[in-house]
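Summary of structural features
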Amino acid sequence: MEMINGFSKLTTEEKISTISKLFDNPKDVADYFRSFHHQNPRIQELLEEFSENTLSNFPMPFSVAPNFLINGKNYIVPMVIEESSVVAAASNSAKYWYRHGGFKTEIVDTEKIGQVHFLWKDNTDLLRYKFPELKNALIEDTEAITENMRKRGGGILDIELKDLSDKEPGLMQLYCTFDTKDSMGANFINSCLEQFASTFKEWYHHEPEFTGEGLEIIMCILSNLTPDSRVKCWVETEVDKLDNIVNGVSGADFARSFELGVRVAEIDPHRAVTHNKGIFNGVDAVVLASGNDFRAVEACGHAYASRSGQYRPLTHVELNEGHFKFTLDLPISIGVVGGLTNLHPLVKLALKMLGNPDATELMSIAAAAGLANNFSAVKSLVTTGIQKGHMKMHLFNIMKQLEVPREFKGPIVEYFKTHKVSVSEVRKVMEALQFTGKLNNSVKI
Ligand code: MEV
């Protein structure tokens with residue numbers, strides 16, 4: 001295939017046509033892309049503008065998990081996720097904890113971080129001495145950028161000079177902290193940082209004590225590692241209240257197995273990664289539904305999980321004198337204004353469904369979804385096993401794929417309560433049903 005030039009300048013129709021021609025059946029492919037376009041051209045245009053070189057939309061389920069009692073308030077939590085069982089797991093957990101006091105949260109802080117990385121080959125002691133003067137200039141020159149944020153009670157919190165020259169000759173940074181209130185703040189922070197870099201260069205070249213040749217700006221960028229934008233979320237109950245949380249299992253046995261399940265993740269990074277993946281099943285689904293950046297949230301969470309030098313679980317169990325407490329400690333930087341939050345029509349609806357929360361409330365909701373999913377996953381893993389629930393969803397997906405007639409679904413679900421689920425087995429059962437009209441033990445499959 002030859003290199004494609006000027007693709008981004010084409011109209012959507014031209015892009016669809018160019019790409020469809022690469023298939024054997026261009027007309028069908030083009031129609032297929034178009035069939036996912038939104039019926040309202042204004043919304044379609046909006047969706048296309050979220051990215052570049054857009055051909056079509058990629059639908060994902062928009063689901064809800066009801067009965068999330070968080071800090072005494074009942075939420076219906078919107079979740080956007082493609083993996084079956086995640087919303088069911090969140091909902092089951094939410095319903096259980098609704099009756100046991102709900103989720104509690106504490107916002108540790110909401111501080112965001114940005115850095116100007118630079119090489120310094122001039123007098124470091126003099127730079128340190130003069131830094132308060134530079135800092136004033138940096139703050140003054142960003143006043144136009146920070147004006148609105150300051151009106152909302154946020155802005156630049158501090159700027160520090162960090163010396164990393166023991167790791168790389170001359171490497172230093174302006175380490176900057178921000179309060180971005182209800183926004184995630186990426187644009188705000190990056191704009192401030194780029195202004196800091198210009199002001200720094202100008203200030204440096206006007207200071208006669210320096211050589212004027214010892215400053216090289218490497219880059220200006222926010223850090224997605226925000227350990228001080230963090231929420232703690234927990235559920236707790238007396239152990240005996242956990243009796244029969246899984247049929248026939250005592251609360252004490254369950255709590256002990258559950259604690260052990262989390263302990264394995266504390267010891268073994270292989271398990272910890274899967275354990276945390278289960279947390280992000282819930283967190284990401286809320287982050288996506290609320291129009292936030294799930295890549296940033298994941299990167300931050302995984303880095304935080306490694307802060308001790310070993311990758312560890314983000315949740316923790318305390319089991320003391322008959323009391324069970326399960327806590328998620330989650331660094332998360334998300335917002336409810338700016339970016340996609342004000343633009344995506346379904347994001348607006350999702351936030352409305354949550355009662356238009358502020359950023360800290362949304363942090364709590366995302367954390368509760370993460371804790372709920374993790375609770376469900378570990379509960380299943382240490383008792384019945386995960387496949388029981390998964391296989392049921394798998395069966396539903398297979399039935400959809402095979403276009404099983406509605407009247408056969410009930411008997412098929414019944415049959416697979418005691419048989420192993422696979423595409424070929426479901427096909428055989430369906431064929432048997434089509435042949436006999438009913439399914440009983442005498443039907444050979
Ligand atoms: C699957 O998406 C998530 C789990 O693997 C999480 C876990 O193992 O804790 C079930």
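For the structure, see preceding data.
Quick notes on the rules
- Residues numbered from 1 in each chain as written.
- Predicted model: local features only at pLDDT ≥ 70, side-chain atom pairs only at ≥ 80, totals over all residues.
- Heavy atoms only, no water.
- Near = heavy atom within 4 Å.
- Polar contact = N/O pair within 3.5 Å; in protein donor to acceptor, adjacent residues only side chain to side chain.
- Areas by Shrake-Rupley, 256 points an atom, 1.4 Å probe, with all protein chains shown as cover.
- Helix = DSSP H or I, 4+ residues; strand = E, 2+ residues; numbered from the N terminus.
- Nonpolar A, V, L, I, M, F, W, Y, C, P; charged D, E, K, R; others polar.
- Pairing = 2+ DSSP bridges.
- Axes fitted to C-alpha atoms, helices over the stretch in contact; angles between N-to-C directions.
- Contact = heavy atoms within 4.5 Å.
- Buried < 20%, exposed > 50% of the residue type's maximum accessible area, 1.4 Å probe, protein only.

Comments concerning the site of the ligand
The immediate surroundings of the ligand are formed by Glu83, Arg271, Thr274, His275, Lys277, Gly278, Asn281, Ala377, Leu381 and Ile386. In the environment of the ligand, an oxygen atom lies 2.7 Å from a nitrogen or oxygen atom belonging to the side chain of Arg271. Taking Lys277, its side chain carries an N or O atom lying 2.6 Å from an oxygen atom of the ligand. In the complex, 86% of the free accessible area of the ligand, which totals 300 Å², lies under the protein chains. Listing elements by their share of the shell around the ligand, those giving two or more residues are helix H9 (269-289) and helix H12 (359-381). Counting residues per element, the shell around the ligand draws most heavily on H9, at six residues. For the shell around the ligand, the per-class residue count stands at three nonpolar, four polar and three charged.

Digging into the sheet that holds strand E9 (residues 315-320)
Here four strands make up an open sheet; going across it, the order is E3-E8-E10-E9 and the pairing antiparallel. The open sheet has two free edges, formed respectively by strand E3 (104-110) and E9, since each of these has just one partner strand. Each strand axis lies, on average, 15 degrees off the axis of its neighbour in the sheet, ignoring direction. Where helix H8 (residues 251-267) meets the sheet, its contacts fall on E9 and strand E10 (323-331), and the angle it forms with E9 comes to roughly 140 degrees. Along the sheet, H12 makes contact with E3, strand E8 (229-238), E9 and E10, crossing E8 at roughly 50 degrees.

Description of the pairing of E10
In terms of burial, E10 is a largely internal element, seven of the nine residues being buried. Where E8 lies against E10, nine bridges are found, and the strand directions are antiparallel. Its bridge partner being in E10, Thr237 is matched across the sheet by Phe324. The pairing of E9 with E10 spans six bridges and is classified as antiparallel. The residue bridging Glu318 from the neighbouring strand is Lys325, located in E10.

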